[in-house]
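Chain by chain, the residues:
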Amino acid sequence: MGHFRPACPATDATPSGDAIMKIQGSLVAVVSPMKADGSLDFDAYRNLLDWHIESGTSAIVAVGTTGESPTVSVEEHAQLIRVAAEHCRGRVPVIAGTGANSTREAIELTRHAFEVGVDATLQVAPYYNKPSQEGLYRHFTTVAQEGGLPVILYNVPGRTVADISNATVLRLADNPNIIGLKDATGDIGRGASLLARLPERFAVYSGNDDSALALMAMGADGVISVTANVAPKQMADMCAAALAGDFAKARTINRKLITLHERLFSEPNPVPVKWALARMGRIAGPTVRLPLSPLTPAGQASVLDALKTSGVLV
């Protein structure tokens, strides 16, 4: 549950697996707060990071899809990573979303993350250009070799079209610089098959809140969570109970959160979760950038009901 940090520059060899500690628990895919004019709100961002650390979140995952990586500029992307690394240093690990559908761009973003002190990188499968399994293997291997940070693979075929097969994950897991997988396929059977074959050092995180507990029951190490944005302590407690083998407690917590898991995806992520955070007073407003649009009135009523049902709002 500690930091993993490479001891060598990005231009040299990447860190050995022996120096890497596995993170377990609730890792938040944190939002990127924005002001009404669409500019980034770094004061709110730092406040969110503090709240997560105080609530028991195991690690911060910055500038993923929930952090609106598709709509921030390269400069903003780099700044969000830097602020998270500086603000959380010595408190919790920071994992930077630095994936791209260009291998060279992914390496450059990852090197920046290394330079500012990030602990690992989350690498989404290249999207739109539909690489083959061999192309995916070579892409991730090259980023792991040249980026300077430990790599966590991110398989979310519903968004990328490209699906990292179990065979390719197992092949990549032989690389000591590739340390984990965020599995957002939602396929528990597929996940169970993979978990039975991966080396012990390799971490697996659910990429879906609604199936996180089920995947953890199969041996996963935790979840990279959207729900944790609004319910950080509950998600941390649920994961801690599951990791301790107390599945009765974990199920009790998960039952209270299940409607929230579902309704935070009733409209495109992160539209509902940013609205929820604004309603909770954690950020100034629910601003998102086009092509995302504000949460509809029906969506607002649905998410508000889930916040109350889960006990997040009273």
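Keep in mind that this is a model prediction, so the values were computed, not measured.

Conventions we followed
- Residues numbered from 1 in each chain as written.
- Predicted model: local features only at pLDDT ≥ 70, side-chain atom pairs only at ≥ 80, totals over all residues.
- Heavy atoms only, no water.
- 1 Å grid on protein atoms, 1.4 Å probe; cavity = no way out; pocket = protein on both sides within 12 Å on 5 of 7 lines; lining within 4 Å.
- Points joined across faces, edges and corners; volume = space filled by probe spheres on them.
- Helix = DSSP H or I, 4+ residues; strand = E, 2+ residues; numbered from the N terminus.
- Nonpolar A, V, L, I, M, F, W, Y, C, P; charged D, E, K, R; others polar.
- Phe/Tyr/Trp six-rings, centres within 6.5 Å; stacked < 30°, edge-to-face > 60°.
- Buried < 20%, exposed > 50% of the residue type's maximum accessible area, 1.4 Å probe, protein only.
- Lys NZ or Arg CZ within 6 Å of the ring centre and 35° of its normal.
- Pairing = 2+ DSSP bridges.
- Axes fitted to C-alpha atoms, helices over the stretch in contact; angles between N-to-C directions.
- Contact = heavy atoms within 4.5 Å.
- UniProt positions renumbered as here; feature names shortened; annotations may be inferred.

With that settled, consider the layout of surface pockets. In this approach a probe as big as a water molecule rolls over the atoms, and the regions it shows empty are the leftover space. If you add up the space inside the largest pocket, you get close to 580 Å³. If you go around the largest pocket, you meet 28 residues; those closest to its centre are Gly 64, Thr 65, Ser 69, Pro 70 and Tyr 127. At the level of secondary structure, the elements contributing two or more residues to the lining of the largest pocket comprise helix H2 (74-88), helix H3 (103-116), strand S4 (120-124) and helix H5 (157-160). Classifying every residue of the lining of the largest pocket by side-chain character gives 14 nonpolar, eleven polar and three charged.

Going through the model one piece at a time under the given rule, you end up with one aromatic pair. For the ring pair Phe 42 and Tyr 45, a centre distance of 6.2 Å and an interplane angle of 75° mean the geometry is edge-to-face. Residue Phe 42 and its partner Tyr 45 are located together in helix H1 (residues 42-55), separated by three residues, close to a single helical turn. Overall, Phe 42 belongs to the buried group, its relative accessible area being 14%. Of note, Lys 182 hangs over the ring of Tyr 154, and the distance from its end group to the ring centre comes to 4.1 Å.

A few words now on the sheet that holds strand S7 (residues 203-206). Strand pairing in a sheet takes place through backbone hydrogen bonds and is either antiparallel or parallel in direction. Around the barrel, which closes on itself, the eight strands sit in the order S1-S2-S3-S4-S5-S6-S7-S8 with parallel pairing between neighbours. Ignoring which end each strand starts from, the neighbouring axes of this sheet average 25° apart. For strand S5 (residues 151-155) and strand S6 (residues 178-183), the ladder comprises five bridges, and the chain directions are parallel. Bridging from a neighbouring strand, Tyr 154 pairs with Lys 182 of S6. Its contacts with the sheet put helix H4 (residues 133-146) on S4, S5 and S6, and the angle it makes with S4 is roughly 160°.

Here the focus is the UniProt feature "binding site: pyruvate" (unreviewed entry) in the protein. Feature annotation in UniProt places "binding site: pyruvate" (unreviewed entry) on Thr 66 and Ile 224, given in this structure's numbering. In summary, the annotated positions, though distributed over 159 residues, converge in three dimensions, the widest C-alpha pair being only 10.6 Å. Lining the second largest pocket, from this annotated set, are Thr 66 and Ile 224. Its relative accessible area of 5% is what places Thr 66 among the buried residues. Secondary-structure assignment places Ile 224 in strand S8 (residues 222-225). If we ignore the near neighbours within four places in the chain, the residues touching Ile 224 are Leu 27, Ala 29, Val 61, Leu 122, Lys 182, Tyr 205, Ser 206 and Gly 207.

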